[in-house]
Amino acid sequence: MTITMFGIPNCDTIKKAKKWLQAEEISFEFHDYRKQGVDEALVRGFCEELGWEQVLNKRGTTYRQLTQEQKDGLNEENAIALLVEQPAMIKRPILKVEDKLHIGFKADQYSAIFA
């Protein structure tokens with residue numbers, strides 16, 4: 001089973017998700033947005049499967065620093081461009097299990113994925 005977790009290592013939710021996977025002895029690869037980067041194809045894939053509004057993290061500092069005009073004018077195309085430019089705005093973690101994407105972390109959710 002191929003498992004990849006996408007995110008940034010200092011994120012608390014990423015830390016919890018990694019800890020859960022390690023406790024369950026589930027091996028995974030970690031794709032660090034800051035080190036390995038993101039490109040339009042990757043972000044577009046996330047948005048097509050999960051919906052751009054789900055992928056965009058509106059709770060983070062980076063999003064809150066956008067101008068009101070940027071927030072009001074958001075649509076899928078400019079959101080994808082923003083997410084490529086500012087990967088910290090991608091909700092974390094995104095977990096790819098085989099060919100299926102999952103977003104966020106809750107222990108119950110991960111238990112169901114790996115049941």
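Placed above this text is the structure.
In short, a report on the structure. The structure presented is a predicted model; accordingly, all values stated were derived computationally and were not measured. (Residues numbered from 1 in each chain as written. Predicted model: local features only at pLDDT ≥ 70, side-chain atom pairs only at ≥ 80, totals over all residues. Heavy atoms only, no water.)

**Some thoughts on the pairing of strand S1 (residues 3-7)**
Part 1 of the reasoning: Summarising burial for S1: five of the five residues are buried, a large majority.
Part 2 of the reasoning: The alternating pattern of S1 places Ile3, Met5 and Gly7 and Thr4 and Phe6 on opposite faces, both of which are buried.
Part 3 of the reasoning: Where S1 meets strand S2 (residues 29-32), four bridges bridge the pair, whose relative direction is parallel. Residue pairing for S2: Thr4 is matched across the bridge by Glu29. (Buried < 20%, exposed > 50% of the residue type's maximum accessible area, 1.4 Å probe, protein only. Helix = DSSP H or I, 4+ residues; strand = E, 2+ residues; numbered from the N terminus. Pairing = 2+ DSSP bridges.)

**Comments concerning the environment of Glu76**
Part 1 of the reasoning: For Glu76, the location among the structural elements is in helix H7 (residues 76-85).
Part 2 of the reasoning: On the basis of relative accessible area, Glu76 is assigned to the partly exposed category, the value being 31%.
Part 3 of the reasoning: Sequence separation between Glu76 and Gly51 is 25 residues, and the spatial gap between their C-alpha atoms is 8.6 Å.
Part 4 of the reasoning: What Glu76 contacts, discounting residues up to four positions off in sequence, is Cys47 and Trp52. (Contact = heavy atoms within 4.5 Å.)

**Some details on the packing of aromatic side chains**
One pair of aromatic rings is described through two measures. These are the centre distance and the angle between the planes.
Part 1 of the reasoning: Considering all chains together, one arrives at five aromatic pairs under this definition.
Part 2 of the reasoning: Centre to centre, the rings of Trp20 and Tyr110 are 5.6 Å apart; their planes meet at 90°, and the pair counts as edge-to-face. With a gap of 90 residues between them, Trp20 in helix H1 (residues 12-23) and Tyr110 in helix H8 (residues 107-113) connect regions that are remote in the sequence. For the pair Trp20 and Tyr110, one class covers both residues: buried.
Part 3 of the reasoning: One aromatic cluster in this structure is built from Trp20, Phe105, Tyr110 and Phe114.
Part 4 of the reasoning: Note that Lys18 overlies the ring of Phe30, its terminal NZ or CZ placed 4.0 Å from the centroid. (Phe/Tyr/Trp six-rings, centres within 6.5 Å; stacked < 30°, edge-to-face > 60°. Lys NZ or Arg CZ within 6 Å of the ring centre and 35° of its normal.)

**With respect to the sheet that holds S1**
Part 1 of the reasoning: Reading across the sheet, the four strands line up as S2-S1-S3-S4 and stay open at both edges, with mixed pairing between neighbours. Two strands lie at the open edges of the sheet, namely S2 and strand S4 (100-103), each paired on one side alone. Averaged over all pairs of adjacent strands, the angle between their axes in this sheet comes to 20°, without regard to strand direction.
Part 2 of the reasoning: In the packing of H1 onto the sheet, contacts are made with S1, S2 and strand S3 (94-97), and the angle to S1 comes to roughly 165°.
Part 3 of the reasoning: Sheet strands in contact with helix H3 (residues 40-50) are S1, S2, S3 and S4, and its direction is about 80° off that of S4. (Axes fitted to C-alpha atoms, helices over the stretch in contact; angles between N-to-C directions.)

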